[in-house]
2 protein chains.
Amino acid sequence: MFASVLALLACMGNARAEDGYALWMRYAPLEPTLAAHYRTRLGQVVAPDQTATQRAARDELERGLGGLLGSDPQAPGTAAIGPALVLGTPQSSALIAPLRAQLQSLGEEGYLLKRTRVGERDVLLVAASRDIGVLYGVFHLLRLLQTGARIDALDVRQSPRLRLRVLNHWDNLDGYVERGYAGQSLWDWQTLPEWRDPRYTDYARANASVGINGTVLNNVNANAQSLAPQYLDKAATLADLFRPYGIRVYLSTRFNAPIELGGLDTADPLDPGVQRWWRDKAAEIYARIPDFGGFLVKANSEGQPGPQDYGRSHADGASLLADALAPHGGVVMWRAFVYAHDVPADRATQAYSEFVGLDGAFRPNVVLQVKNGPIDFQPREPFHPLFGAMPRTPLMMEVQITKEYLGFATHLVYLGPLYEEVLRADTRARGKGSTVAQALAGMAGVANIGTDRTWSGSHFDQANWYAFGRLAWDPRQSAGDIAADWAALTFSADPGVVQPIVGMMMASREAAVNYMTPLGLHHLMARGHHHGPGPWVDGGPRADWTSVYYHRADHSGIGFDRTAGGSNAVAQYSPDVAEQYGDLARVPAPLLLWFHHVPWDHRMASGRTLWDELVARYSQGVRQVQGMQCTWAGLQGRVDAQRHAQVAAFLRIQLREAQWWRDASVAYFQSVSGRPLPAGEAAPPHPLAWYQALQFPSAPGDGR
Amino acid sequence: MFASVLALLACMGNARAEDGYALWMRYAPLEPTLAAHYRTRLGQVVAPDQTATQRAARDELERGLGGLLGSDPQAPGTAAIGPALVLGTPQSSALIAPLRAQLQSLGEEGYLLKRTRVGERDVLLVAASRDIGVLYGVFHLLRLLQTGARIDALDVRQSPRLRLRVLNHWDNLDGYVERGYAGQSLWDWQTLPEWRDPRYTDYARANASVGINGTVLNNVNANAQSLAPQYLDKAATLADLFRPYGIRVYLSTRFNAPIELGGLDTADPLDPGVQRWWRDKAAEIYARIPDFGGFLVKANSEGQPGPQDYGRSHADGASLLADALAPHGGVVMWRAFVYAHDVPADRATQAYSEFVGLDGAFRPNVVLQVKNGPIDFQPREPFHPLFGAMPRTPLMMEVQITKEYLGFATHLVYLGPLYEEVLRADTRARGKGSTVAQALAGMAGVANIGTDRTWSGSHFDQANWYAFGRLAWDPRQSAGDIAADWAALTFSADPGVVQPIVGMMMASREAAVNYMTPLGLHHLMARGHHHGPGPWVDGGPRADWTSVYYHRADHSGIGFDRTAGGSNAVAQYSPDVAEQYGDLARVPAPLLLWFHHVPWDHRMASGRTLWDELVARYSQGVRQVQGMQCTWAGLQGRVDAQRHAQVAAFLRIQLREAQWWRDASVAYFQSVSGRPLPAGEAAPPHPLAWYQALQFPSAPGDGR
C-alpha cells in the first residue's frame, strides 16, 4: 500500500509553454550578468507620454525591459543623476531639441540611437523627428538587448529606404482568408466596432517592430460591402488601434462598387456620376479615418471588373480613384497582375505589354503594384520585366508572405532569400547595378497572418513576416542577417541555436525549389488549391491555368521557349539581361527551363544530362528536408518543448510531401521523357496513375 | 529636463491577462488560509500511473492542486503516515479493493469521493470501478476545492444517468464550422496525423471534467471523404488523444458514401454489395480505432441522401449501418430531423409522423436522435412529441449548444434553463411525472467550440458547453446550481461575484425570447444565416423556410393554429398534454402562439391585449439586456480586466441588436395588425422598409 507515492506539486516550475504567440517580441529574461550590465548602463528612463505613440513607445519599453532585465524597479528617485535612457523628439524633449537638424536628415520615420554624455550624465538617446521614429528606435534598442549586443558605444542611424511598407490581407468579410493557412481573418467583423480585441494591438506592435506602416484589410478580390458604412465604422476602429503604431489602413475596392453599392448603372471612370460617387465615398471614409491610406485595386484581372469593361484604360481607372483620394492625401495601389480573357501565347508577357506604354500616364498618387515575377509567386521566377521599365511611375513590388505555392504553412521555407534575390536582381535599366530595389517606392506583402495561435500557421512562417518587414525597411539588408536576428529573438540568442537554425532557413527555399520545380520549372502545382504536385494538369477553362502550358515537356525535351525563337518574353528585359537569359550557354541554371525548351540529353554544368540533373534535383530536395530534420533534432532541449515538437511534426509532414512531390514528378516526367532513372535513383513507389488519382478537395486556402 | 521620469519596471506584477482559454479549469490560487486547510487534509497523494487514464487523473490533480494550493511540494517522505489522498480502482489500489461491490453499484463510469480512516490515517478516497471513474472523481474533487467546499465529511457517490453524452461538431473538412461562431474547426486536418496540438488534449480534459464521453468529429451534412483512409488516419490520432479521457470518437456518414467513395452504383441498404461495403468500412475503421463509437446519420433531410432514395425506410437505412457496426460494438445515431421534399401543412408534425410507426423496427444498437423541439432549436419550443412516444426505441435528445437562433456568440444567453425546461417537461406518456429526461438514453449537443481563444466565441458561451455536459451526466440537476458552479469556477468563488452572474445567466434566456420571439412565436430570424430579425421573410424555395409560414399574422390576429381546428399537431402529444396545449384558456403563455392563432385583442392574464402584451414583451427584452449591462458594470474590478472588457463589449452588441430586434419586429407586426403602439412605447426609429433592406451577406456560420 502507498507504494506509488507521488512527489506531488514538485516540478511545478514557472516555465510557460511557448506557443509562439509572442512572436519575436518574447523579451525572455536575459542571463543575469548581462541583465545587470544593461541595467547599469540604461539607468533611469526618461520618456514623454503625451501622445498615443509616445505611450506606445513607453509601454513597449516597459514590457521589454521588464521581461529582459527582471522586474526590480529602478527607483525613479532623485532626478538628474546617474545614467539615463532618454526617449523623444525635438518637440517632446528639451534634451533632444538640439539634435533637430541631424534628426531631420533621417526623415519622418528615421531615428537615432546614440550613447553620449550630457553634462555629468551618461545617456542613451532614442531620438527622432517624430514620435513614430522614437517607437521604431525603441524596437531597435530592444532587439539589440535581446540579442546581447554591446551598447557602450551605440551610434545607430536608421531611415527606411522605401516609403510604402504594406501588408495585403486577402481576407474576406466572412472571415475566410484566400490563400491563408493560418486560421481565419484576424478581423472579427462580427464583434467590431464594439470589441477591440487586444490581439489587434499586438498585431500593430509586431508590424511596427519591423517598420511595416500600412495594412490593406481586405481581399484584392474585393467585396463592395467593405465600403458600406457599417464596415467603414469597423475599419475605423481598427485604424484607431493601429494609428499609434504608425500603421495606416487601406482598403481593397471593387471597381464596380458604384453599381453594387451605390445603385448607379455604370462604373465608367469617365462618367461624372461615378466620379462624384467615389469623391463622396472618399470623403465618407476620411470623415471616419483621417489618415486613411488609400485603395488597392485589382481590376480587369481574373474576372474582376475594371475600366476596360467600359473601353477605358488602366490609367483612366486609376485616375478615377486617385482624384477622389488626392484631396485627402491618399494613394491608389493599382495592381499590374492582369491577364486577358483570351489565353495568351505567353502569360509571362502580359503585365508588361499592358502597362509599359502607360508610363507617365498615371496621377502622382498612383503606385503600380507589380508582382516580384511575371507569373505568380512561384518558388523561383526571374524578376518582373516592369521593374526598371517604368521610370516615370512609382512601383511597389508585391510578394507573397503566405506560401500559396511553397507548401502552405507546414513546409519550412524561409522566403528571405527569395525576396533578396529579386531585390538585388540587376535590371540594367540604367546601366550595371540598377537593382530592382532601386526601382521601388514600396513593397506589398500578401500576409500570412490569421487567428492561428502562432499568427502565421507555423513557428517558422513568422520569419517570413519578419523578413518582409525588415527588407521593406531596407532592401539592402541580407536575408541571412535577418534570419540570424529572427532566430535569436524567436528561439535563443545562443549561437549554438542560432547558427543551425539559420543554416536550415537559408537552405530551405532552395530545397523547396528542388523538390517542387527545379531548374526554372514553374506552376506545376495541383489545380486550384495548389496543394502538392500536378505536373500533369491539363485541360480546363484556360491553358494558362494548366501545368503542361508551362513545362511543355515532350519526348524530346522540356521547358518554355521564351527566347526570340519562342514567345520572345526575354525581349521585355534590358538588352544585356535579355541577351544573357536568351542564351542557352549563359542563362543561369536556376532559370534554364523558364527561358528555354531544352533537350533531355542537354549536358549540364554538372556533367549530367538535363534528365539526370532534373531527377537528381528532385531527390536532392528530399534529402535537404531530411537534413533539416537532423539539424532540428539536434536542437532538442535547447528549444522549448512545445515549439520543438510542433516544428518536428511539421518537418515530418514536409518530408512526406517532399517525397510525394519528388516521386509524382519523376513518375510524370519519366512518362514523358521515356528515359530510365539515373543509377542509384529509386523508382517512385506507385505508378503515375496513383499520384494522379489523389484528390484534396478540402485543402485550405483555395479561392472561393 | 528629466521632468517625466518614469518608475520603469514598477507594477510588473505576475497578473496574467485572462483570455478564457483555461475555461472552468483555471485552478487559480486559493486564499491562503483555505489553501492551508486543504493542504492539511489532503496530505500525500497516492495514485497509480500504469495506464493512460491513470496518468491523466494524476496529471490533472498535479495541475489542479499546484494551481490551487501553490507549488510547495508535499514531501513524499516517509511513506505511510499522515493524511493521504488516495486514487484508484479495486484493480489498481489495494486500499480500494475492499470497496469493489460498493463501486460496482455505481456502474462503469461512476465514482466515490469519501473521507474515511484507514488504520491510523485520514484518507480521502477517489475510487471507482474503472480508471475513467477515478478521473471523473478527480475533476469533481477539484471542482469542490475551487468552490471552497468543505471536505471534512466528504461522501459523494456519482453515476451518470445517461449513457451517451456526446458532442456533435458540425465541422467541415476544410475547417469551416456550419453554425459555428467560435472560429474554425478545432481539427486541423492539414497537420494531422503528424501534429498533435496540445489543444486536442485540453479539449478532452474539458469534456471529461463534465462527463462528456463522445464526440462526433464532422458535420451531419457529411462529406463522404471523412471515411477515406487518409482522414481515418487523422481521426485515429484524435481518438488516441481522447481515449485516456474516456471520449469515444464518432463520425457522421454520408449515406451514399458507397457511391461517392466506394465507386458502387447504388447505396441501397438492401443491396448485398452495399452491405459488404459498409462492413468492410467498419472493419477498416475499427482496425485504426478499436473503441470507435459509431456513426451519426442525417438521411433524407434537407437534401441529404438516404434510404428513401431507394424506396426503403429509415429503419432499413439504420439497420444497414447498425449491422456493420454491431460486431465491433458501435452504435448508429440516426437523426429524426427529417422533412419531406413537399412542403407540409405543418412541419412541426413531420418527424413524429415519419418515425412513430417505426418504434421497435430498429436494431438494438440504433439510437434515434431527436431535437429538443419539433421545429429547429428555437429560443423556445415545446418538447418534441416523439419523447415518450417510442418506448421500444432508445432516444437521444439533440440540443444546440451553438446559438444559431439565439444571437450567435455575442448575445449572453445561458441555455441551462432551456435544456432544463425540456428535460423536466412532463410527457405524461406513462402517467404524470413521465419527464422527457426519463425517456432518454443520451444527449447530443451541437458544439459551440472552435479555434477562438475562448473556445466558444465568448466567455459566457463556455457556460453552455459546461451546462450541457453536467445535464447530460444528470438531467435532474438544476440549471441554476450549474450556473453557480460555472460562475465560481470561471470567474470567482466570491458570492458577491457568483450571485449577480447567476442572476444574469438565469434571466438571459427569457430576455432573448422576449426580444426575438415572445409568447410562442418562432422561426422569425433573417433568412439563411439567421442573423437578426426577419419576421417579414416570405417567398423563396419553401414555405416552411419563411417566417410568415410560422407566425401567420394578419389583420385579425397572429399565431400557428396547431389545435384540432388547425394542423392538429397537438394530437401528437399524450391526451393530457394535448388537452392543455390545445386549450386557449390553459396553454402556457410562453407557448400561446405556437399552438393558437389568437386575435390581437385577446385578453392576456396581465390584463393587456395580446397586441399590447407582444409589444411589451419586445421592450422588456431590451430592458433585460440593459439590466445585464448594469449588473456587469457593477462587477468591474471584481473580474479580471480583459474578460470584463470583452463581456462588456459583447453586451453592447447584444443591446444594439436586441433593440434592432424589438424595433424591426414591432414595425413589422404593426404593419400587419394596424394597431397603435401602447402608451409609453417608443415608435421604431426607422420605417419598416429600412429594417427590411438591411443585408448581412457575410454573417458567420451560414450553411455552405
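Cut-offs and rules
Counting from 1, residues in each chain are numbered in the order their sequence is written. Each chain takes a letter, starting from A, and each ligand takes a number, starting from 1, following the order in which they are written. Thresholds applied to this predicted model are a pLDDT of at least 70 for local features of residues and 80 or more for the giving and counting of side-chain atom pairs; totals over whole chains, interfaces and linings are not thresholded and use all residues. Hydrogens and waters are ignored; side-chain quantities use all the structure's heavy atoms. Between the N-to-C directions of two axes lies an angle of 0 to 180 degrees, each axis being a line fitted to C-alpha atoms and, for a helix, fitted only over the stretch in contact. Here a strand is any run of E in DSSP of at least two residues, a helix any run of H or I of at least four, and the numbering for each starts at the N terminus. Note on convention: the crossing is left-handed when the near helix lies turned anticlockwise from the far helix by less than a right angle, right-handed when the turn is clockwise. Should any heavy atoms of two residues lie within 4.5 Å, those residues are counted as being in contact. Any two strands between which DSSP finds at least two bridges are classified as paired. Only protein chains enter the area calculation, which uses a 1.4 Å probe; residues under 20% of their type maximum are buried, those over 50% are exposed, and those in between are partly exposed. Cavities and pockets are defined on a 1 Å grid built over the protein atoms alone: a cavity is a set of grid points where a 1.4 Å probe fits but cannot escape, while a pocket is an open set with protein on both sides within 12 Å along at least five of seven lines, and lining residues are those with an atom within 4 Å of any such point. Grid points are joined across faces, edges and corners, and a volume is the space filled by probe spheres set on the points. Residues are grouped as follows: nonpolar covers Ala, Val, Leu, Ile, Met, Phe, Trp, Tyr, Cys and Pro; charged covers Asp, Glu, Lys and Arg; every other residue, Gly included, is treated as polar. Reported domain spans reflect what an automatic or database domain assignment gives. Take the residue count of a helix, subtract one, and multiply by 1.5 Å to get its expected span. By definition, a salt bridge exists where a carboxyl oxygen of Asp or Glu is found within 4 Å of a side-chain nitrogen of Lys or Arg. By buried area we mean the combined loss of accessible area, with a 1.4 Å probe, across both parts when two parts are placed together. A 3.5 Å cut-off defines polar contacts: any pair of N or O atoms within that distance qualifies, except that in protein one atom must be a possible hydrogen donor and the other a possible acceptor, and neighbouring residues in sequence count only when both atoms are side-chain atoms. By definition in this entry, angles of less than 35 degrees are roughly parallel, angles greater than 145 are roughly antiparallel, angles of 65 to 115 are roughly perpendicular, and the rest are oblique.

**Student:** So what about the packing of helix α6 (residues 229–242) of chain A against helix α8 (residues 272–288) of chain A? Which residues, and what values?
**Tutor:** Residue and element names in this part refer to chain A. Interhelical geometry of α6 versus α8 gives an angle of 35° and a closest axis separation of 9 Å. α6 and α8 meet at a crossing whose hand is right-handed. For the pair α6 and α8, contact is made by Pro 229, Leu 232, Asp 233 and Ala 236 and by Lys 281, Glu 284, Ile 285 and Arg 288, respectively.

**Student:** An account of the sheet that holds strand β8 (residues 214–216) of chain A is requested, with residue identities and associated values reported.
**Tutor:** All names here are of chain A. Ordered by their spatial adjacency, eight strands build a closed barrel running β7-β8-β9-β10-β11-β12-β13-β14, and the pairing between neighbours is parallel. Looking at each pair of strands side by side, their axes are set apart by 25° on average, direction ignored. Here strand β11 (residues 331–335) runs beside strand β12 (residues 366–371); their pairing, made up of four bridges, is parallel. Each bridged residue has a counterpart across the sheet, and for Met 333 the counterpart in β12 is Val 367.

**Student:** So what about the pairing of β12(A)? Which residues, and what values?
**Tutor:** Burial within β12(A) is extensive, with six of its six residues counted as buried. What you see with β12(A) is no split at all: Val366(A), Leu368(A) and Val370(A) on one side and Val367(A), Gln369(A) and Lys371(A) on the other are buried throughout.

**Student:** How would you summarise unusual backbone geometry if you had to cite specific residues and measurements?
**Tutor:** All names here are of chain A. With an omega of 0°, the peptide bond between Leu 192 and Pro 193 qualifies as cis. Residue position: Pro 193 is located in the loop between β7 (164–168) and α5 (198–209). One non-glycine residue with positive phi stands out, namely Arg 552, at about 50°. Exposure remark for Arg 552: the relative accessible area of 32% places this residue in the partly exposed category.

**Student:** Before we move on, could you go through the layout of surface pockets and cite the residues and values that matter?
**Tutor:** All names here are of chain B. Estimated volume of the second largest pocket: approximately 780 Å³. Lining the second largest pocket we find 41 residues, and of these Lys 298, Glu 302, Phe 337, Tyr 339 and Trp 545 sit closest to its centre. Considering only residue class, the lining of the second largest pocket consists of 13 nonpolar, 14 polar and 14 charged. Counting only domains with at least three residues in the lining of the second largest pocket, you end up with domain 2 (164–490) and domain 3 (516–560 + 597–692).

**Student:** Which residues make up the sheet that holds strand β11 (residues 331–335) of chain B, and what are the values?
**Tutor:** Taken in spatial order, the eight strands of this closed barrel run β7-β8-β9-β10-β11-β12-β13-β14 (chain B), and their pairing is parallel. Neighbour-to-neighbour, the strand axes of this sheet turn through a mean angle of 25°, independent of strand direction.

**Student:** Could you give an account of helix α12 (residues 462–473) of chain A, with specific residues and numbers?
**Tutor:** All names here are of chain A. Along its twelve residues, α12 runs 17 Å from first to last C-alpha, staying within 8% of the 16 Å computed at 1.5 Å per residue. When you tally the buried positions in α12, you get twelve out of twelve residues, the bulk of the element. Three or more residues of α12 are buried, namely Gln 462, Ala 463, Asn 464, Trp 465, Tyr 466, Ala 467, Phe 468, Gly 469, Arg 470, Leu 471, Ala 472 and Trp 473.

**Student:** Could you give an account of the pattern of salt bridges, with specific residues and numbers?
**Tutor:** Residue and element names in this part refer to chain A. Summed over the entire model, instances satisfying the criterion amount to 92 salt bridges over all chains. Note that Glu 302 is salt-bridged to Lys 298, the shortest N-O span being 2.6 Å. Since its relative accessible area comes to 37%, Glu 302 is described here as partly exposed. Its relative accessible area of 4% is what places Lys 298 among the buried residues.

**Student:** A description of the domain arrangement of chain A should follow, citing residues and the corresponding values.
**Tutor:** Residue and element names in this part refer to chain A. Along its sequence, chain A is carved into domain 1 (20–158), domain 2 (164–490) and domain 3 (516–560 + 597–692). On a C-alpha basis, the centres of domain 1 and domain 2 stand 32 Å from each other. Between domain 1 and domain 2, a total of about 2400 Å² is buried, with carbon and sulfur atoms accounting for 58% of that surface. When residues of domain 1 are sorted by the area they lose upon contact with domain 2, Tyr 21, Trp 24 and Arg 143 head the list and together hold 36% of the total. Counting across the domain 1 and domain 2 interface gives three salt bridges. Run the count over domain 1 and domain 2 and you get eleven residue pairs in polar contact (both at pLDDT 80 or more). Counting only elements with at least two residues in the side of domain 1 that touches domain 2, the list comes to α2 (52–69) and α4 (131–146). Among the elements that take part in the side of domain 1 that touches domain 2, α4 stands out by supplying six residues, more than any other.

**Student:** Please set out the pairing of strand β3 (residues 84–88) of chain A residue by residue, giving values where relevant.
**Tutor:** Residues and elements named next belong to chain A. Of all the five residues making up β3, five are buried; the element is thus mostly covered by neighbouring parts of the structure. Residues Ala 84, Val 86 and Gly 88 point to one face of β3 and Leu 85 and Leu 87 to the other, with burial holding for every one of them. Relative to strand β5 (residues 121–127), β3 runs parallel, the two being bridged by five bridges. Bridge pairing in β5 places Gly 88 opposite Ala 127.

**Student:** Now, about the side chain of Thr563(A): what can you tell me, with residues and values included?
**Tutor:** Residues and elements named next belong to chain A. Of note, Thr 563 is situated in the loop between β15 (557–558) and α16 (575–582). Since its relative accessible area comes to 12%, Thr 563 is described here as buried. With near-sequence residues (within four places) excluded, Thr 563 lies in contact with Asn 568, Val 570, Gly 582, Phe 595 and His 596.

**Student:** So what's going on with the packing of helix α18 (residues 610–633) of chain B against helix α19 (residues 641–673) of chain B? Residues and values would help.
**Tutor:** All names here are of chain B. Two elements in contact, α18 and α19, have axes separated by 9 Å at closest approach and are oriented at 170°. Comparing the axis directions of α18 and α19 gives the class roughly antiparallel. When grouped by side-chain class, the residues that make up the contact of α18 with α19 number 17 nonpolar, nine polar and three charged.

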